[in-house]
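In case you want the letters, here they are:
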Amino acid sequence: MASFKDFNLSRKVQDAINDMGFEEPSPIQASCIPLVLEGKEVIGQAQTGTGKTAAFGVPIVERAGTDRRVQALVLTPTRELAIQVAGEFRKIAKHKRVRSLPIYGGQSIVHQIRALQQGVQIVIGTPGRVLDHIRRGTLKLNSVQMVVLDEADEMLDMGFIEDIESILKETPDDRQTLLFSATFPSEVRRLSARYMKKPEHVTVNRGEMTVPLTDQVYYKVLERSKLESLCRIVDSEEVSLGIIFCRTKRGVDELVEALLARGYLVDGLHGDLSQAQRDRVMKRFRTSDIELLVATDVAARGIDVDNVTHVINYDLPQDPESYVHRIGRTGRAGKKGLAISLATPREFKLLKQIERETGAKMEAREVPSLADVAERQAEVWRNRIIEAIQGGSLGHFRAILGNVIDEYDPVDVACAALKIASAGELEKREEEDYNFGDTGAKPGMVRFFINVGRNANISPSDLVRTISEEAGVPGQTIGKIDIFDRFTFVEVEQESAPFVYEALRKSRINGSRVNLEPAKPRARR
Ligand code: ADP
Ligand code: MG
């Protein structure tokens, strides 16, 4: 297994990675980082969510010097990505005096000019705005040593080829060029052939995998209610010994806190714990003192426990191999186990990729509704009451009740006692779902507005395909579609609407960037 220590990174960058909670490089990082550090040009091809940003961010920050001129330029297709990548750079450079700046359209250019004048070493920008600054003379690229084309396929889809070429011409010929892309269509191939020097092509290798015979299910969950969904799933599963996987150390700590606050018997395991702490946690797990262990991949690798009933992927793993490793923690010693994966709309494609590449069969399940959970809990409490009655020896408690029984209805008394004993567990709760309000749709449906129409060559079948693929909802949940010249309305069944919203509010249809939002109700005619 690769470790960040293998790269001989400076203490400052190593510490920053540690602060970010990364325990080990993802496969694309393990292959790219050493090559980039050596000065090689790299084409990195891997799905979204596989950690491509740090694959170039770590070596760029590592190699950046104190010279206040622009040393590295990262081009991204959208302003959201520019901001996101800049945020990641800021974290990697936390202990190092390397300044990075996102520049993108939509933000005041004056502000950006002022920031550029103060001197930055790393610029992350969208092609249009970068070119704008070059033409104004407010961005000089003659000292650039490294250029990254991030999400190259998307940039080309969006028609940025000429801008990219103009920008590259402003950079020194002996620069090191890196290109990252989820796919590798011919336009990307041509771009790399023209502007890169003997690049190493890195794809995340897909070795043969033996998937353990564990039953596998997945739940589609919403980003905003992921924790609540996890709790409901755990409550409905009778987990006696479960491991919950998170991607980062920080993720582990936060989830442990949140689950403890909700009364679960849980503890966490990750690489920052001392051996003594680790041993203590493992002992609690082995002796069933805790029912749930929250862990990172690295920490879980050392676990040798046979009777794990459930493996839960709270965060999806970054690659199919890790998935196989994770689920191999259950169903051992001939016992049957269950592997549960949670996938938010943004992770849905990664889930499908894992399913495809491991050849796993994952059954889709619905997150239990509040009503389901409430009914199960009610059942448990009714049984407890019956057991207590049948167990007898209640005389002492009858004495405590005294004459309350004479003054109040006995049913009221029983309800009050139940309310006190259940300590909030049986309180009535409301679903905290998206409320799209009145969108002008027919009852049971939500109408969405999309900011492109015939101008982007969108057809109803494209729309149905994109929505069902991206949000993972069946095509028949999609209703009326109205495509106009410059915008589109589409109706979706209420239950699918939150998934469609989270998956598509900022996305692409037929290569065009789109925004999707709840429609306003139609004006009365
Ligand atoms: P991509 O660009 O391939 O879509 P990102 O670079 O945006 O992927 O990374 C996806 C997520 O994974 C981010 O939240 C990032 O912080 C996290 N991540 C990246 N590398 C690691 C790692 N080595 N360990 C844990 N989490 C990581
Ligand atoms: Mg990325």
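Please read all numbers here as calculations on a predicted model, not as lab measurements.

Thresholds applied
Residues numbered from 1 in each chain as written. Chains lettered and ligands numbered in written order. Predicted model: local features only at pLDDT ≥ 70, side-chain atom pairs only at ≥ 80, totals over all residues. Heavy atoms only, no water. Salt bridge = Lys/Arg side-chain N within 4 Å of Asp/Glu carboxyl O. Helix = DSSP H or I, 4+ residues; strand = E, 2+ residues; numbered from the N terminus. Buried < 20%, exposed > 50% of the residue type's maximum accessible area, 1.4 Å probe, protein only. Axes fitted to C-alpha atoms, helices over the stretch in contact; angles between N-to-C directions. Parallel < 35°, antiparallel > 145°, perpendicular 65-115°, else oblique. Left-handed = near helix turned anticlockwise from the far one by under 90°. Contact = heavy atoms within 4.5 Å. Nonpolar A, V, L, I, M, F, W, Y, C, P; charged D, E, K, R; others polar. Pairing = 2+ DSSP bridges. Near = heavy atom within 4 Å. Polar contact = N/O pair within 3.5 Å; in protein donor to acceptor, adjacent residues only side chain to side chain. Areas by Shrake-Rupley, 256 points an atom, 1.4 Å probe, with all protein chains shown as cover. Phe/Tyr/Trp six-rings, centres within 6.5 Å; stacked < 30°, edge-to-face > 60°. Core = buried A, V, L, I, M, F, W, Y, C linked by side-chain atoms within 4.5 Å. Disulfide = S-S within 2.5 Å.

Draft legend 1. Main features of the pattern of salt bridges. For the coordinates displayed, the defined rule picks out 23 salt bridges. Note that glutamate 228 is salt-bridged to arginine 232, the shortest N-O span being 2.8 Å. Here glutamate 228 and its partner arginine 232 are both found in helix α10 (residues 226-237), four residues apart, which amounts to about one turn of the helix. Each member of the pair, glutamate 228 together with arginine 232, is buried. Notably, a salt bridge pairs arginine 326 with aspartate 297, separated by 2.8 Å at the nearest N-O pair. Here aspartate 297 lies in helix α13 (residues 297-301) and arginine 326 lies in helix α14 (residues 320-327), a separation of 29 residues in the sequence. Residue arginine 326 shares its accessibility class with aspartate 297, and that shared class is buried. Connected through salt bridges with shared partners, the residues Glu228, Arg232 and Arg262 form a single ionic network.

Draft legend 2. Quick look at the packing of helix α5 (residues 109-117) against helix α6 (residues 127-136). The N-to-C vectors of α5 and α6 enclose an angle of 70°; their axes lie 12 Å apart at closest approach. Here α6 runs roughly perpendicular to α5, going by the angle between their axes. Remark: the crossing between α5 and α6 carries right-handed chirality. Only Arg129, Asp132, His133 and Arg136 of α6 make contact with α5, whose side of the interface consists of Ile109, Gln112, Ile113 and Leu116. Here the residues of the contact of α5 with α6 are counted per class, giving three nonpolar, two polar and three charged.

Draft legend 3. Seen up close, the sheet that holds strand β6 (residues 176-181). Taken in spatial order, the seven strands line up as β3-β4-β2-β5-β6-β1-β7 in an open sheet, and their pairing is parallel. Since the sheet does not close on itself, it has two edges, and those belong to β3 (100-103) and β7 (200-203), each with one partner. Between one strand axis and the next, the sheet turns by 15° as a mean value, whatever way the strands run. Of the strand pairs in this sheet, strand β2 (residues 72-75) and strand β4 (residues 122-125) are connected by four bridges, and their pairing is parallel.

Draft legend 4. How the structure looks around the site of ligand 1. Taken together, the neighbourhood of ligand 1 is formed by 18 residues, with Glu24, Gln29, Gly49, Lys52 and Thr53 sitting nearest. In the environment of ligand 1, an oxygen atom lies 3.4 Å from a nitrogen or oxygen atom belonging to the side chain of glutamate 88. Measuring from an oxygen atom of ligand 1, one finds a side-chain N or O atom of arginine 247 at 3.1 Å. Protein chains bury 82% of the 570 Å² of accessible surface belonging to ligand 1 in isolation. Mapped onto the shell around ligand 1, the elements with two or more residues apiece are α3 (52-63) and α4 (79-92).

Draft legend 5. Representation of the packing of aromatic side chains within the structure. Applying the stated criterion across every chain, the model contains 14 aromatic pairs. Aromatic pair phenylalanine 56 and phenylalanine 89: ring centres 6.1 Å apart, planes at 40°, arrangement tilted. Taken together, the residues span a long stretch of sequence, with phenylalanine 56 in helix α3 and phenylalanine 89 in helix α4 at a distance of 33 residues. In terms of burial, phenylalanine 56 and phenylalanine 89 fall into one category: buried. Ring centres of tyrosine 434 and phenylalanine 436 lie 5.6 Å apart, and the angle between their planes is 5°; on these two criteria the pair is classed as stacked. Put simply, the rings of Tyr434, Phe436, Phe448 and Tyr501 pair up and form one aromatic cluster.

Draft legend 6. Spatial organisation of the nonpolar core. Core analysis: the largest hydrophobic core is formed by 37 residues, its most contacted members being Phe56, Val58, Ile60, Phe89, Ile122, Ile124 and Leu178. Those elements that provide at least two residues to this core are α1 (11-20), α2 (27-37), α3, β2, α4, β4, β5 (146-149) and β6. No other element matches α3, which puts six residues into this core. Apart from the residues lying within four places of it in its own chain, the contact partners of isoleucine 60 are Ala72, Phe89, Ile122, Met146 and Val148. With 31 residues, the next largest nonpolar core counts Val130, Ile134, Phe184 and Tyr195 among its residues.

Draft legend 7. Quick peek at the side chain of threonine 344. Its place among the elements puts threonine 344 in the loop between β13 (338-343) and α15 (348-358). Once you skip the residues sitting within four places of it in the chain, threonine 344 turns out to touch Val221, Leu222, Glu223 and Lys226.

Draft legend 8. Expanded view of the state of the cysteines. Counted by the stated rule, this structure contains zero disulfides. The thiol of cysteine 231 is unpaired, and the distance to the nearest cysteine sulfur, on cysteine 246, comes to 12 Å. Look at cysteine 231 and you get buried, because its relative accessible area is 3%.

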